[in-house]
Amino acid sequence: ESTIETLTQSQPVTQTVTYERIIVRTVDASLFVDDVVDVLRQITLLATDLGGWVVSSEESIKHSGFISFRVPVEQLESAILQLRQLSAEVERLTTISHDVTGEYVDNTARLKNLLVTADALRELLTRSDTVTGALKVQETLTKIQSEIEVFQARIKLLEETSAFSLVTVRLTQLSGHLEMDPGSDQTVSVGQIVRLKALFSPPEDVSEFEFTWDFGDGSPPVTSHRTTPTTNEG
């Protein structure tokens, strides 16, 4: 029992190793496009052509969309350039770099120490001369192996996220101008109350739009927003 305690509480194994900086780069973009569905398709092809893959995408709404994908970090600048080319207007494009070198080095050192401890426990297990002693060693070894798996998973995640950058893109279709029927001209007197009506038909599946009345008499235009389509506005 004292031997197990000595093994599990031993000082970390130290070794001088030089690491390159490990940087995780992510991109968050919001783009205005002419055709959301078509651009989603082109971004999917872009990710594949650059050696990456699509993580998730949303195509259920015709006039807006979402897609996230990963590409090799050395292809990130090319991906950004092509996203700009696919957009009619870039609303926002943010690149974030996060240095995880310290975390990677710390996790690697801890993993090496655990591997050394696990090897020592296996050796001790072969020399256990009682069932009770063997069970105690096996219990400790199982715990160490679980910790090893946690550190291995974290190190693998850091390696993968630094090697393949995540790009998140939100797409909004450019607003179109609707053909309107303002009705016939009216002649009114000063002070007379007038009701004006314009008729229009919004595109299919449009859930939000705005309209502006401009009377051309020097008064400020009146703009209103709607979230429920209607075929006439008064």
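Please read these numbers as outputs of a predicted model, since none were measured by experiment.

## Regarding the overall build of the protein chain
Helices and strands together make up the secondary structure of the protein chain, namely five helices and nine strands. In the protein chain, the succession of α and β elements from N to C terminus is α-β-α-β-β-α-β-α-α-β-β-β-β-β. Out of the 234 residues belonging to the protein chain, those deemed buried represent 26%. The contacts of the protein chain with a sequence gap of at least 6 include a subset with a gap of at least 24, amounting to 69%.

## Let's talk about the environment of alanine 120
Inspection of the secondary structure puts alanine 120 in helix H4 (residues 101-126). Residue class for alanine 120 comes out partly exposed when judged on its relative accessible area of 26%. Taking the C-alpha atoms as reference points, alanine 120 and leucine 141, separated by 21 residues in sequence, lie 9.4 Å from one another.

## A look at the pattern of salt bridges
A full pass over the atoms with the stated rule returns nine salt bridges. Between arginine 25 and glutamate 77 there is a salt bridge, with the nearest N and O atoms lying 3.0 Å from each other. In this pair, arginine 25 is assigned in strand E1 (residues 23-33) and glutamate 77 in helix H3 (residues 76-86), connecting sequence segments 52 residues apart. Residue glutamate 77 is classed as partly exposed on the basis of its relative accessible area of 48%. Across the pair glutamate 103 and arginine 154 runs a salt bridge whose closest N-O atoms are separated by 2.6 Å.

Analysis parameters
- Residues numbered from 1 in each chain as written.
- Predicted model: local features only at pLDDT ≥ 70, side-chain atom pairs only at ≥ 80, totals over all residues.
- Heavy atoms only, no water.
- Helix = DSSP H or I, 4+ residues; strand = E, 2+ residues; numbered from the N terminus.
- Buried < 20%, exposed > 50% of the residue type's maximum accessible area, 1.4 Å probe, protein only.
- Contact = heavy atoms within 4.5 Å.
- Salt bridge = Lys/Arg side-chain N within 4 Å of Asp/Glu carboxyl O.

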